[in-house]
Amino acid sequence: MAQISKVEAQTEIRLSADKFYDIFRNKIYLLPKICTQEFKDGKLLQGDWNSVGCVREWSYTAAGNTETVRETIEANDDQNKAITFNMLNGDAMKYYNSYKPNINVTAAGRGSLVKWTIE
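So, here's what we can say about the structure. (Residues numbered from 1 in each chain as written. Predicted model: local features only at pLDDT ≥ 70, side-chain atom pairs only at ≥ 80, totals over all residues. Heavy atoms only, no water.)

**Topic: the nonpolar core**
Membership of the largest hydrophobic core comes to 20 residues, with the highest contact counts inside it found for Phe 20, Phe 24, Ile 28, Ile 83, Phe 85, Met 87 and Val 105. Within the residue set of this core, elements represented by two or more residues are α1 (17–26), β3 (55–62), β4 (65–77), β5 (82–90) and β6 (101–108). For this core, the element with the most residues is α1, which contributes 4 residues. Not counting chain neighbours up to four residues away, the residues in contact with Phe 20 comprise Ile 13, Leu 15, Ile 103, Val 105, Val 114 and Trp 116. (Core = buried A, V, L, I, M, F, W, Y, C linked by side-chain atoms within 4.5 Å. Buried < 20%, exposed > 50% of the residue type's maximum accessible area, 1.4 Å probe, protein only. Helix = DSSP H or I, 4+ residues; strand = E, 2+ residues; numbered from the N terminus. Contact = heavy atoms within 4.5 Å.)

**Observations regarding the sheet that holds β6**
On the basis of which strands lie adjacent, the open sheet formed by 7 strands has the order β1-β7-β6-β5-β4-β3-β2 and antiparallel pairing. For this open sheet the edge positions go to β1 (7–13) and β2 (39–46), each flanked by a neighbour on one side alone. Adjacent strand axes in the sheet meet at a mean angle of 25°, parallel and antiparallel pairs treated alike. Judged from the 8 bridges that link them, β4 and β5 form a sheet pairing that is antiparallel. Bridge pairing in β5 links Thr 72 to Asn 86. (Pairing = 2+ DSSP bridges. Axes fitted to C-alpha atoms, helices over the stretch in contact; angles between N-to-C directions.)

**Focus: the packing of aromatic side chains**
Inspection of the entire model under this criterion finds 7 aromatic pairs. Between Phe 39 and Trp 58 the ring centres are 5.7 Å apart and the planes differ by 70°, which places this aromatic pair in the edge-to-face class. Residue Phe 39 is located in strand β2, and its partner Trp 58 is located in strand β3; the two are separated by 19 residues in the primary sequence. Residue classification places Phe 39 among the partly exposed positions, given a relative accessible area of 24%. With a relative accessible area of 3%, Trp 58 lands in the buried category. (Phe/Tyr/Trp six-rings, centres within 6.5 Å; stacked < 30°, edge-to-face > 60°.)

**Some details on the pattern of salt bridges**
Enumeration according to the criterion identifies 9 salt bridges in this entry. A salt bridge links Lys 81 to Asp 18, with the shortest nitrogen-to-oxygen separation between them at 3.1 Å. Here Lys 81 is found in the loop between β4 and β5, whereas its partner Asp 18 is found in helix α1, with 63 residues between them in sequence. Of the charged contacts, one joins Glu 71 and Arg 56 as a salt bridge, the two residues approaching to 2.7 Å between their closest N and O atoms. Taken together, the positions of Glu 71 in strand β4 and Arg 56 in strand β3 put the pair 15 residues apart, joining distant regions of the chain. Accessibility classification places Glu 71 together with Arg 56 in one group, the buried group. Connected through salt bridges with shared partners, the residues Lys 6, Glu 8 and Lys 115 form a single ionic network. (Salt bridge = Lys/Arg side-chain N within 4 Å of Asp/Glu carboxyl O.)

The following block contains the structure:
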């Protein structure tokens, strides 16, 4: 049976690329306050909130259930406004051998274009 190894999606948002990237790069601890229905809690387990190798644990809602995930930042590319995460363990890992989300933000008119890639 064939397996999907990569999923990509793009969305336009009404926020500048710099501001959106700054939230994910430097202020990701604010996600439970920004997205109150999706993110319930965030905890820093190792390092600081925005350095490569830090470990964070999130409680989030998926399909009406509260789940958790432990992740690390694998790479930050400030010039291209890109961040690669690596999911270490948690509920999502029951369904995937690996789960590496990447976001890349580019300016687009008055807002920005966010490309989400999951490998």
